[in-house]
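Inside the fold
For reference, the chains in residue letters:
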Amino acid sequence: MKLITKSGLNFISASIFFFLFGSLGGYYFIRYAVNKFLNNELLEAKAYIDRAEGTGNYKLTFADVLADSIQGPASYREPFINDTVIMNSSTGNYEFYRKLTFDKTYENHVVRYQIVRSSAPSDVMVMKFTLMLTVFPVLFFLILYFVNRGSTRYSLTVFYDTIKKLKAFDVNKDNKLELMTSDIDEFEQLNEVFNAMDKKIKEDFERLKEYTENTSHELQTPLAIITSRLDELLQSSNLTEEQIKTVAGLMETVNRLSKINQALIYLAKLDNRMFKDEEKVDINNLIREQVELLEPLIENKGISLELTSTDKCETIMNKSLSHTLIQNLLKNAIRHNVENGYIKIECAANHLIIENSGSPLATSTDELFKRFNKAGNHPNSLGIGLSVVKRICEISSIDIQYQCTESKHQFELRFKN
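Residues numbered from 1 in each chain as written. Predicted model: local features only at pLDDT ≥ 70, side-chain atom pairs only at ≥ 80, totals over all residues. Heavy atoms only, no water.

The subject of this paragraph is helix α6 (residues 283-293). Those residues of α6 not exposed but buried are Ile283, Asn284, Leu286, Ile287, Gln290 and Val291. Considered in projection along α6, the buried side chains sweep an arc of 165 degrees and stay on one side of the axis. Relative to its buried face, α6 has exposed residues pointing more than 90 degrees away, namely Glu292 and Leu293. Two to three positions downstream of the cap, the backbone nitrogen of Asn284 sits 3.0 Å from a side-chain oxygen, assigning the N-cap of α6 to Asp282. (Buried < 20%, exposed > 50% of the residue type's maximum accessible area, 1.4 Å probe, protein only. Helix = DSSP H or I, 4+ residues; strand = E, 2+ residues; numbered from the N terminus. Arc of directions from axis to C-beta. Polar contact = N/O pair within 3.5 Å; in protein donor to acceptor, adjacent residues only side chain to side chain.)

What follows is the structure in structure tokens.
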């Protein structure tokens, strides 16, 4: 939920709450005031009757007086006021009245007086006041709400502009993060923090990139020298069989170290997003090319290959990364396969499935894509290939899923359009 929507809902909720109780309170206050006014008029009529001393000359312009003799003692020694409904003889409709009842005792009889005052005019007045209490506050709250919403939206223009520029921020591009200025102190402080962060991130990125390049150069050179010296030593004729095995083991270790170094440097480049150029890649053709390159390894292990293409599969991604992705998946399917096993490749619209036979997984599927994890315990595996695959998929917005059922291993890739 957006901030402007959240604040608007809070404002409306609070307004409805206070408006509801305020309107009810206003209505009852007006009703109380009107009833008090009517009560005073009825009491004035009673005083007038008291002064008339039972003469029956009760000419009141604002109320009607009913006087009846009653049997028995007086019941209403104190005046009693209540609301009642009386039929209007001229219209035949029932109307609301305010009635005051009291008894007066004369020499030999008791007279019950009932003074009635129509409350219709006051009810109309109450309705008008209630309508005013309802309509005007609603209009006021609506005007205030839209003014507040417009003001908030205008104030948040800087915020939304900052979000937009942060989304488009690319550490590989040599451009400054230029943020919109604002007259709000908090937004200006936020801009200062983001500008400082932009500078710090780019400085750290350049140092990391420089470190990666230096590491690549500095490590590969001594490794190449060691490999060359070991090769010369291996060519010597005065080595014993035990020494030859030792030198060969050292050469294998150095070669492995060189491959690990190259793989880690490649992962660092992936993490730093140094592969930005994207283009349309035909996955069908890429599969065929990689299968041809890896055909000697497939035949050497006696693996049967089944390639099915039901539809054209294309995606937008870096071409170099696409080659590495498919190559690593196919190498993984060959390396962790069994003798005379199989590989099934299915290409369809926007998705690719690579399935191969192999030994049961030695670790959990959650650990499969982590670095230096050797799921198949293969001696030549560096434990980095699937980490590279996972990282490429993340960079290229490719959804990758892995399933293992006993000796069947399946990778499914779903490409963006």
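Its 17 residues give helix α8 (residues 319-335) an end-to-end C-alpha distance of 24 Å, which sits within 8% of 24 Å, the value for a rise of 1.5 Å per residue. Looking at α8, one finds that the buried residues are Leu321, Ser322, Thr324, Leu325, Ile326, Asn328, Leu329, Leu330, Asn332, Ala333 and Ile334. By the N-cap criterion, in which a side-chain oxygen at the helix start approaches the backbone nitrogen of a residue two or three places on, α8 is capped by Asn318, the distance to Ser320 being 3.0 Å. (Expected span 1.5 Å × (residues − 1).)

Before going further, it helps to examine a negative patch on the surface. Taken together, the side chains of Glu289, Glu292, Glu295 and Glu299 make up a negatively charged region of the molecular surface. Following the sequence through the fold, Glu299 ends up in helix α7 (residues 295-300). The exposure class assigned to Glu299 is exposed, which follows from its relative accessible area of 55%. (Patch = residues over 30% accessible without salt bridge, like charges linked within 9 Å, V, L, I, M, F, W, Y side chains within 5 Å. Areas by Shrake-Rupley, 256 points an atom, 1.4 Å probe, with all protein chains shown as cover. Salt bridge = Lys/Arg side-chain N within 4 Å of Asp/Glu carboxyl O. Lys, Arg positive; Asp, Glu negative; His and termini not counted. Charge placed at Lys NZ, Arg CZ, Asp CG, Glu CD.)

For any pair of aromatic rings, the description consists of the separation of the ring centres together with the inter-plane angle of the planes. By the definition in use, this model includes two aromatic pairs. On the numbers, 5.2 Å between centres and 15 degrees between planes, the contact of Phe102 with Tyr113 is stacked. Of the two residues, Phe102 sits in strand β3 (residues 94-105) while Tyr113 sits in strand β4 (residues 110-118), which places them 11 residues apart along the sequence. Each member of the pair, Phe102 as well as Tyr113, carries the same accessibility label: buried. When the ring centre of Tyr342 is taken as origin, the NZ or CZ atom of Lys344, which lies over that ring, is 5.4 Å away. (Phe/Tyr/Trp six-rings, centres within 6.5 Å; stacked < 30°, edge-to-face > 60°. Lys NZ or Arg CZ within 6 Å of the ring centre and 35° of its normal.)

An order of β1-β4-β3-β2 is seen for the four strands of this open sheet, with the pairing classed as antiparallel. At either end of the open sheet lies a strand with only one pairing partner, and these are β1 (64-70) and β2 (80-87). Sheet twist, expressed as the average angle between the axes of neighbouring strands with direction ignored, equals 30 degrees. (Pairing = 2+ DSSP bridges. Axes fitted to C-alpha atoms, helices over the stretch in contact; angles between N-to-C directions.)

Following the criterion strictly, the structure yields zero disulfides and no others. Free of any disulfide, Cys313 has its nearest cysteine sulfur in Cys347, 5.0 Å distant. The class for Cys313 is buried, based on a relative accessible area of 0%. Judged by its relative accessible area of 2%, Cys347 is buried. (Disulfide = S-S within 2.5 Å.)

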